[in-house]
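Okay, here's what each chain looks like letter by letter:
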Amino acid sequence: MWKSDNPFLNGNYAPWREEGDAYDLEVEGEIPRELSGALYRIGPNPHFQPRGRYHWFDGDGMIHGFILKDGRAAYRNRYVKTEGLRAEMKAGRALFGGLLDQVGDVAPGMPPFKNAANTNIVGYANRLLALFEAGLPHELTPLTLETAGLYDFGGKLMGPMTAHPKFDPTTREMLFFGYQPIPPYLTFHRANAAGELVESRPIDSGLPVMIHDFVTTPSHAIFFICPSVFRLENVAQGKPMFAWEPQHGTKIGVMNRANGAMQWFSAEPFFIFHFLNAYQEDGRLIVDGCRMDSLDMSGNEFGRPPFPWRWTLDLEKGSMASEQLEDFVSEFPRLDERLAGMRHRYGYLAANRAAGGGFGFDSIVKRDYQSGKAEFQKLGGGKLPGEPVFVPRAAGTAEDDGWVLTVWYDPEANSSELSIQAAGDFSRTPVARVKAPHRVPFGFHGNWVPA
């Protein structure tokens, strides 16, 4: 589309700028009748040619919805019409810079950075929210995907909100946080199932850092303070606003949700984008996620790829142990969300088994955290998956009684499809493959929202 040697503006990272609807999609196999709802996915999709150096995290958010009902499938995609994107549409060109290049001629009254609304999309309190960790959520109309506007919990949320909130499976409370380069660097929030913000608790993290994700249990909230440090003074020099400063090491903060008391653990420097889950057992917290040795935010390479790791935090002894669980590259870990904060057995990840594999993925994997067994699923023909999302068959079913929904890209045909894989029979052929009307660019996250 645009002449660029940036890999994140080419191939299936290149934007798909058309919005549209498609009905009665072609299906290979049979869609389970129990699947009634929509898989919403979101990712960066620049509407105008970027100014300066483009970072993958900069692109405008586009939602891709696969709507399933009565064994049939439809598709709808829309841009999140943020204030920044509306201003650019009015001007007919890009107005904002991004992580790698900031610009100084943004229209009066506009912030210097755009809330791209491109990272995650969740159903909450009968709302559909598009999330971006540097700003407020955007509320969307679930059926049409039209943008209703910013959502600030009735004016109570004054700062940014993480793109990775956690939901208490019992109370349906939403637990989340916000981080920023000025004190308080980190704030924990809790909202009830009705959409009301009921608690905001500042945390003295000691360092202004990028915190993409966190984990919670019924008793604790756990934050990894990795040394990707805000350095706003770098912006004026044309440098990235995040600097990797390994001399700080990594701190792990465990907050008691009842009284806010913090317990801190120290570790070597590393970075983590995404956690699978955490749970408490015999006075210890078990945390599973995907760890990188470092993070490079100066371009689009990110540094060395992530691998599955486990951290064990002994709350009584104040000690910590950690171990790498697998030698294959993996990211985007997901689980049966009914077990969020509780002991899990299975996790689902996007993986790359090739020697020296980078950030791209060639398979999805179901890992048994009890036995250590890993089962892989490939579609063949060089097809490439995104994040796998688990959907249970029904409320009371077993942990892996359901389906794993994944959007795959076929580079040879330049097309995409939704794979529906039986979680309990993971290595076999998918039960259904839903053909998208066009390619779906590689994005970040998505969630299933029942009808």
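Residues numbered from 1 in each chain as written. Predicted model: local features only at pLDDT ≥ 70, side-chain atom pairs only at ≥ 80, totals over all residues. Heavy atoms only, no water.

### Section: unusual backbone geometry
Geometrically, the link from Pro183 to Pro184 is a cis peptide bond, its omega value of -10° lying close to zero. Tracing the chain through its elements places Pro184 in the loop between strand 11 (174–179) and strand 12 (186–191). For Leu145, which is not glycine, the phi dihedral falls at a positive 65°. Take Leu145: it is sitting in the loop between strand 8 (138–140) and strand 9 (147–150). Unusually for a residue other than glycine, Phe302 sits at a positive phi of about 75°. By secondary structure assignment, the location of Phe302 is in the loop between strand 21 (284–292) and strand 22 (307–314). By relative accessible area, which is 4% here, Phe302 ends up buried. (Helix = DSSP H or I, 4+ residues; strand = E, 2+ residues; numbered from the N terminus. Buried < 20%, exposed > 50% of the residue type's maximum accessible area, 1.4 Å probe, protein only.)

### Some remarks on the sheet that holds strand 9
Within a sheet, adjacent strands bond to each other through the backbone by hydrogen bonds, running parallel or antiparallel. The sheet built from four strands is open, its strands ordered 6-7-8-9 with antiparallel pairing. A single partner strand is all that each edge strand has here, and the edge strands are strand 6 (120–124) and strand 9. Sheet twist, expressed as the mean angle between neighbouring strand axes with direction ignored, is 30°. Across three bridges, strand 8 lies against strand 9 in antiparallel orientation. (Pairing = 2+ DSSP bridges. Axes fitted to C-alpha atoms, helices over the stretch in contact; angles between N-to-C directions.)

### As for the environment of Arg51
Looking at the element boundaries, Arg51 is found in the loop between strand 3 (37–44) and strand 4 (61–69). Considered as a pair, Arg51 and Gln102 are 51 residues apart in the sequence and their alpha carbons are 8.8 Å apart. For Arg51, the side chain forms a polar contact with the main-chain oxygen of Leu95, separated by 3.2 Å. (Polar contact = N/O pair within 3.5 Å; in protein donor to acceptor, adjacent residues only side chain to side chain.)

### Quick word on the nonpolar core
Core analysis: the largest hydrophobic core is formed by 53 residues, its most contacted members being Phe57, Met210, Ile222, Phe223, Phe224 and Phe302. With residues near it in sequence (within four places) discarded, Ile222 still touches Phe214, Val215, Ile252, Gly253, Val254, Ala278, Leu285, Val287 and Leu313. In this structure, Tyr75, Val389, Val407 and Ile420 belong to the second largest nonpolar core, which totals 21 residues. (Core = buried A, V, L, I, M, F, W, Y, C linked by side-chain atoms within 4.5 Å. Contact = heavy atoms within 4.5 Å.)

### Observations concerning the environment of Asp288
Position of Asp288 among the secondary structure elements: in strand 21. With 152 residues separating them along the chain, Asp288 and Leu136 place their C-alpha atoms 28 Å apart. The residues touching Asp288, leaving out its near neighbours within four places in the chain, are Phe275, Leu276, Asn277, Trp309, Arg310, Leu325, His344 and Tyr369.

### Description of the side chain of Asn77
Mapped onto the elements, Asn77 comes out in strand 5 (residues 72–79). Taking the relative accessible area as the measure of exposure, Asn77 reaches 1% and is therefore buried. For Asn77, the side chain forms a polar contact with the main-chain oxygen of Glu18, separated by 2.7 Å. Among the polar contacts listed, one links the side chain of Asn77 to the backbone nitrogen of Gly20, at a separation of 2.8 Å. Dropping the residues within four chain positions of it, Asn77 is found in contact with Trp16, Glu18, Glu19, Gly20, Met62, Ile63, His64 and His438.

### Brief notes about the packing of aromatic side chains
Tallied over the full model, the rule gives 31 aromatic pairs. Centre to centre, the rings of Phe271 and Phe273 are 4.9 Å apart; their planes meet at 75°, and the pair counts as edge-to-face. Taken as a pair, Phe271 and Phe273 share a single burial class, namely buried. Between Phe328 and Phe376 the ring centres are 5.1 Å apart and the planes differ by 75°, which places this aromatic pair in the edge-to-face class. Placement of the pair is Phe328 in the loop between strand 23 (319–324) and strand 24 (329–334) and Phe376 in strand 27 (residues 374–377), with a sequence separation of 48 residues. Overall, the relative accessible area of 7% leaves Phe328 in the buried class. Phe376 gets classed as buried once you look at its relative accessible area, which sits at 18%. Here a set of aromatic residues connected by ring pairs shows up, and it is made of Phe8, Tyr13, Trp56, Phe57, Phe271, Phe273, Phe302, Tyr409, Phe442 and Phe444. Positioned over the ring face of Phe376 is Arg353, at 3.7 Å from the centre of the ring. Directly above the aromatic system of Tyr346 lies the positively charged group of Lys366, at a separation of 4.4 Å from the ring centroid. (Phe/Tyr/Trp six-rings, centres within 6.5 Å; stacked < 30°, edge-to-face > 60°. Lys NZ or Arg CZ within 6 Å of the ring centre and 35° of its normal.)

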